[in-house]
Amino acid sequence: MQQHYHIWTIGCQMNKVESERLGSLLEERGYLPAATAEKADIIVVNGCVVRQSAENRIVNKLDALKPLKKANPGLTLAVTGCLVNSNTSQLREQFPHVDHFFKPGEQPDWLRKATDQPEALPRHPQPAVYVTIIRGCDNFCSYCIVPYRRGREKSRPMSEIVSEVRELVRRGAREVTLLGQNVDSYGHDLPGKPDLADLLTELNGSQGLARLRFLTNHPKDMSAKLIAAIARLDKVCRQINLPVQSGNNDILQSMKRGYTSEHYRNLIAGIRNKIPGVALSTDVIVGFPAESREQFQDTFNLLAEVRFDTVHVAAYSPRPGTLAARELKDDISATEKKRRLHLVEQLQEGIASEINRRLLGETVEVLVEGRNKGKWQGRTGSDKLVFFSDSANHQGQLVNIRIEKTSPWSLQGKIEPA
Ligand code: SF4
């Protein structure tokens, strides 16, 4: 009888790409995807514990799967993602109905088909795909659980990444986002120490590939060589994610980020000077331990001054095992964290609507990624979400869209004749 799998994923892009690859591995073994957990023979829960709210969602999910496992003891239930550390005995005690725990990025033997393939690739990839280039992180920012769960940095050999990208393009992908917790560290542990600029230069020559992106940069490590490569290479999107986390130097030091707000501002000025029109996004944490109202104001002022295209804001949530959770008191009330979060969201909504409004009447190039609520959906090179209606099939195509309506979060328009 045909066997099915179901993968439930929350968290960052890294989790999403790892789930996609686990799905490909299972398909190589003859499994088919199941739309719901009830129809599956193997269920993988791939969760995130970067914030308490995410961890709660995994616990709820695993509790909800208990009756299913009880009714069907032959069902295989596995858990991966940053919840899983090296010592799984506590997890086994807490979730006795789970058959396997494995660390993020691992592909355990029970799941693999005997194959020499370093990575299982989707047979029919989406137009825009993700490729991991470096795993783990050596930075140990004081609030972050990732280095404890994903381990130290390990770069994938350049030749392996290049052949994987070429194969994905051969199978139909048009845009590739290179992923790493800190892509600016790429290659320091490889022979000859190639870096991200070298990798982008090599990939820029890939036939059939339309666009290249990369996530996530670290302000202390982003090099002038990389900025020059982005400016020079025609397939590399003019779009950079550069998490600042705070605009106050004492908080940055307490976060162990390794740069000052002055360094960050200079870096942004340098990027804008070399790459005119670049789209910038950032991440911010509000309510970090001991963050005063004045220190929060420094973050707010930096966001108002830089005017990012996108800001991802989160309220601080202590993660057991991190330096901040061990040594700093989570002393900002939930109400105050919410107030600061709301202030950032309000500010950003105004900035993003102004930035997007400038695109009214302009024609933008969009890579069509699929359908959503009866419309075609895709992204510009600057990562703006665009919707348009048309009866023809545009899946995976690059099309020109004339923008007729804008909001802080997306654009709408009409397709222009090719
Ligand atoms: S750079 Fe800092 S925030 Fe990012 S994954 Fe590494 S430790 Fe976490």
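Here the structure is shown first, and the text comes after it.
**Student:** What am I meant to see in the site of the ligand here?
**Tutor:** The local shell around the ligand consists of Cys137, Asn139, Phe140, Cys141, Tyr143, Cys144, Val146, Pro147, Gln181, His218 and Arg257. Residues belonging to the shell around the ligand are distributed by class as follows: 7 nonpolar, 3 polar and 1 charged.

**Student:** What is the right way to look at the sheet that holds strand β18 (residues 411-415) in this model?
**Tutor:** The pairing of strands in a sheet happens through backbone hydrogen bonds and is either parallel or antiparallel. With mixed pairing, 5 strands are arranged side by side around a closed barrel as β14-β15-β16-β18-β17. Ignoring strand direction, the axes of neighbouring strands in this sheet form an average angle of 55°. Bridging between strand β17 (residues 398-406) and β18 involves 5 bridges; their strand directions are antiparallel. Across the sheet, the residue bridging to Lys405 is Gln412, located in β18.

**Student:** What's the story with the packing of helix α6 (residues 196-204) against helix α7 (residues 224-232) in this structure? I'm lost.
**Tutor:** The relative placement of two packed helices is expressed as an angle between their axes plus a distance between the axes. The geometry of α6 relative to α7 is characterised by a closest axis approach of 8 Å and an angle of 20° between their N-to-C directions. With respect to their mutual orientation, α6 and α7 come out roughly parallel. The two elements α6 and α7 cross, and the hand of that crossing is left-handed. Note on element contacts: α7 touches α6 through Lys225, Leu226, Ala229 and Arg232, opposite Leu196, Ala197, Asp198, Leu200 and Thr201. For the contact of α6 with α7, the residue count by class is 5 nonpolar, 1 polar and 3 charged.

**Student:** What's the story with the packing of helix α10 (residues 293-306) against helix α12 (residues 334-357) in this structure? I'm lost.
**Tutor:** Where α10 meets α12, the axes come as close as 10 Å, and the angle between the chain directions of the two elements is 15°. When the axis of α10 is compared with that of α12, the two are roughly parallel. For the element pair α10 and α12, the recorded crossing hand is right-handed. Between α10, through Arg293, Phe296, Phe300, Leu303 and Ala304, and α12, the contact on the second element is made entirely by Glu336, Arg339, Arg340, Leu343, Val344, Leu347 and Ile351. A class-by-class count of the residues in the contact of α10 with α12 yields 8 nonpolar, no polar and 4 charged.

So, how was this worked out
Residues numbered from 1 in each chain as written. Predicted model: local features only at pLDDT ≥ 70, side-chain atom pairs only at ≥ 80, totals over all residues. Heavy atoms only, no water. Near = heavy atom within 4 Å. Nonpolar A, V, L, I, M, F, W, Y, C, P; charged D, E, K, R; others polar. Pairing = 2+ DSSP bridges. Helix = DSSP H or I, 4+ residues; strand = E, 2+ residues; numbered from the N terminus. Axes fitted to C-alpha atoms, helices over the stretch in contact; angles between N-to-C directions. Parallel < 35°, antiparallel > 145°, perpendicular 65-115°, else oblique. Left-handed = near helix turned anticlockwise from the far one by under 90°. Contact = heavy atoms within 4.5 Å.

Purely spatial values, then, with no claim about function.
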